[in-house]
Amino acid sequence: MTNRNLDETWKYHNGTKHSFWSIRRNTYTLDWPNKPLPFKIYPTLDPIELPREVPQLETPSLEAIAATEIEVDGEAVPDLKDLVQLLYYSAGLTKSKQFPGGEIHFRAASCTGALYEIELYLVCGDLPDLKAGVYHFNPGDHSLRCLRAGDFRAVIARSTGQELAVMNAPVTIISTGTYWRNSWKYRARTYRHFGWDNGTILSNLLATATALRLPAKLVMGFVDDEVNRLLSLDSQREVAFSLVALGYSLSPLPVESAEIEPLNFETLMLSPRELDYPAMREIHAASSLFNQEEVRTWRAQTLVKRHPEPIGELIPLKPLDDSMVARDGVGPVILRRGSTRRFARDQALGFEQLSTLIHRSTQGIPADFLDPVGTHLNDLYLIVNAVEGLRMGAYVLHRDKWMLELLKEGDFRAKAGYLGLEQDLPAEASATIFFLADLGAILEHFGNRGYRAVQLEAGILGGKMYLASYAQGFGATGLTFYDDDVVDFFSPHAFGKSAIFLMAFGFSQ
Ligand SMILES: Cc1cc2nc3c(=O)[nH]c(=O)nc-3n(C[C@H](O)[C@H](O)[C@H](O)COP(=O)(O)O)c2cc1C
């Protein structure tokens, strides 16, 4: 089984690392006339226009991102109004800005390079005001397009090895990644971005589902070919990456149709020319699951993480309690979120604010690869530049104790800037959080599929941190990094781990 051929992940991961020298040797320049379209457009399909009035969603953001389970009494079936909120607050167009090269539409969730390579599709049964079908969501015209009429949920349920949440879901949202749309700029590293950029979308989606009182579960275990076939994807160019089962229905799934016929709908070309980066297709193939049995085995065991005992000074987090915490609603916070472009170097965050951000964002994710008590695959390491009540230095989070362990004290502003690919943002931020993972253990447990899971989880946690920041009135941005230098900086504690993601936080300049 290719999922167990772990050399494939190491080949991809090591081959797409950034380093001081890889950046200096890089002669690649952006081909602007060849920049890909940010939308998938089916020119021959009629749009089902969605209502433009999207309700505000006033459930407090900090409450919504921390929820891990929604209990319902009876059925929870979303209607079209709910779907509009789920789609708009996770992938909708929320702002536009003029640049010398033209106008860029920004979306509800952050995305590397604002290239928006993640597409959303729905597979649903009959809903109160939407007929059963397979639909594509186009944020460009805020519409759905029906790709298949009829109830295909049993196909998805089968592809997940009859995962319970999917079997009971009136709707499953499928996220796909389109290689070229992001590799135009980031080349083969784009496969990592699939996880990050899908993750920020899913953090918003999960928070919105919580606000709508809809159960939601992220499912990473599925037979890739079956899902790709249902959406009729050209899997050399676009592939299914994650599923989210939404809602709860008591009606049994209809018996599935025997054969899923290919669709032949035209889609607009993304660019005059597309370049192929085989390394991404190879890691995707190597992390694919091929049948239900493989999916079930994949999902069967929980990863037990080793927590090394702290040896440095321990500082308990000081999260604000419910009576003190900001109560800004999910909808308004998502609408005002953006990636901070300059941090105010002189304005420190409070330790309570940073603690609240960490505490609320890391309560757990309802996912088939995580246990319910909320163990994460990523470990959080911090560089603190300016946080009132916390000394400057490097720390690691002991999530089981809600404490930070001081690894080394000192002014690491310049180092943070260097580690974040020599950008000013992490040097000027009040604090940066580095996501590191014991990739060896994760791959041993989950096979190559664990690589998708760890990148996606980082994106979800990062997306929650964006919302936790904007809910509390300060800013955040995702960042890329020099892989091995990050691990070296946090070693010996981080020895043997891999750098997965990076976020910076502070007040906006
Ligand atoms: C995973 C991730 C990595 C990012 N890396 C960088 C980065 O290295 N430098 C940077 O200036 N912005 C970075 N960004 C911010 C994006 O450029 C930004 O999200 C995008 O332009 C969309 O804008 P918005 O977040 O304001 O909606 C990153 C964002 C994400 C989600």
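The following paragraphs examine the structure supplied in this document. (Residues numbered from 1 in each chain as written. Predicted model: local features only at pLDDT ≥ 70, side-chain atom pairs only at ≥ 80, totals over all residues. Heavy atoms only, no water.)

Reading across from one edge, β1-β6-β5-β4-β7-β9-β8 is the order of the seven strands in this open sheet, with antiparallel pairing throughout. Looking at which strands have only one partner, the edges of the open sheet turn out to be β1 (48-49) and β8 (216-219). Here strand β4 (residues 118-124) pairs with strand β7 (residues 171-178) via seven bridges, running antiparallel. Considered in β7, the bridge of leucine 120 is made with serine 175. Across the sheet, helix α17 (residues 449-471) lies against β8 and β9 (238-246), angled at about 60 degrees from β9, the strand it touches most. (Pairing = 2+ DSSP bridges. Helix = DSSP H or I, 4+ residues; strand = E, 2+ residues; numbered from the N terminus. Contact = heavy atoms within 4.5 Å. Axes fitted to C-alpha atoms, helices over the stretch in contact; angles between N-to-C directions.)

This part takes up the pattern of salt bridges. Tallied over the full model, the rule gives 27 salt bridges. Between aspartate 322 and arginine 360 there is a salt bridge whose closest N-O contact spans 2.8 Å. Pair noted here: aspartate 322 is in the loop between β10 (314-316) and α12 (330-336) and arginine 360 is in helix α13 (residues 351-361), with a separation of 38 residues, a long-range link. What you see here is one network of salt bridges that share partners, running through Glu163, Lys217, Arg299 and Asp368. (Salt bridge = Lys/Arg side-chain N within 4 Å of Asp/Glu carboxyl O.)

Quick look at the site of the ligand now. Close to the ligand lie 22 residues; Ser110, Arg337, Ser339, Arg341 and Gln423 are nearest. A distance of 3.2 Å separates an oxygen atom of the ligand from a polar atom in the backbone of cysteine 111. In the environment of the ligand, an oxygen atom lies 2.7 Å from a nitrogen or oxygen atom belonging to the side chain of arginine 337. Relative to its unbound accessible surface of 620 Å², the ligand loses 87% to contact with the protein. Put simply, the parts of the chain that give the shell around the ligand at least two residues each are β3 (102-107), α8 (190-211) and β17 (475-479). Broken down by element, the shell around the ligand gets its largest block of residues, three residues, from β17. Across the shell around the ligand, the residue classes tally to nine nonpolar, nine polar and four charged. (Near = heavy atom within 4 Å. Polar contact = N/O pair within 3.5 Å; in protein donor to acceptor, adjacent residues only side chain to side chain. Areas by Shrake-Rupley, 256 points an atom, 1.4 Å probe, with all protein chains shown as cover. Nonpolar A, V, L, I, M, F, W, Y, C, P; charged D, E, K, R; others polar.)

With that settled, the discussion passes to the side chain of serine 498. Along the chain, serine 498 falls in strand β18 (residues 498-506). Apart from residues no more than four positions distant in its own chain, serine 498 is found in contact with Trp10, His13, Phe435, Leu436, Ala437, Leu439 and Val487.

Running from amino to carboxyl end, helix α1 (residues 7-15) crosses helix α16 (residues 439-446) at an angle of 145 degrees, the nearest separation of the two axes being 11 Å. Where α1 crosses over α16, the handedness of that crossing is right-handed. Only Leu439, Gly440 and Leu443 of α16 make contact with α1, whose side of the interface consists of Thr9, Trp10 and His13. (Left-handed = near helix turned anticlockwise from the far one by under 90°.)

With that settled, the discussion passes to the packing of aromatic side chains. For any pair of aromatic rings, the description consists of the separation of the ring centres together with the inter-plane angle of the planes. One pass over the structure, following the stated rule, counts 20 aromatic pairs. Taking the centre distance of 6.3 Å and the plane angle of 50 degrees together, the rings of phenylalanine 99 and phenylalanine 106 count as tilted. What links up through ring pairs into an aromatic cluster is the set Tyr12, Tyr179, Tyr191, Phe194, Phe241 and Tyr451. Against the face of phenylalanine 489 rests lysine 408, its NZ or CZ located 3.9 Å from the ring centre. (Phe/Tyr/Trp six-rings, centres within 6.5 Å; stacked < 30°, edge-to-face > 60°. Lys NZ or Arg CZ within 6 Å of the ring centre and 35° of its normal.)

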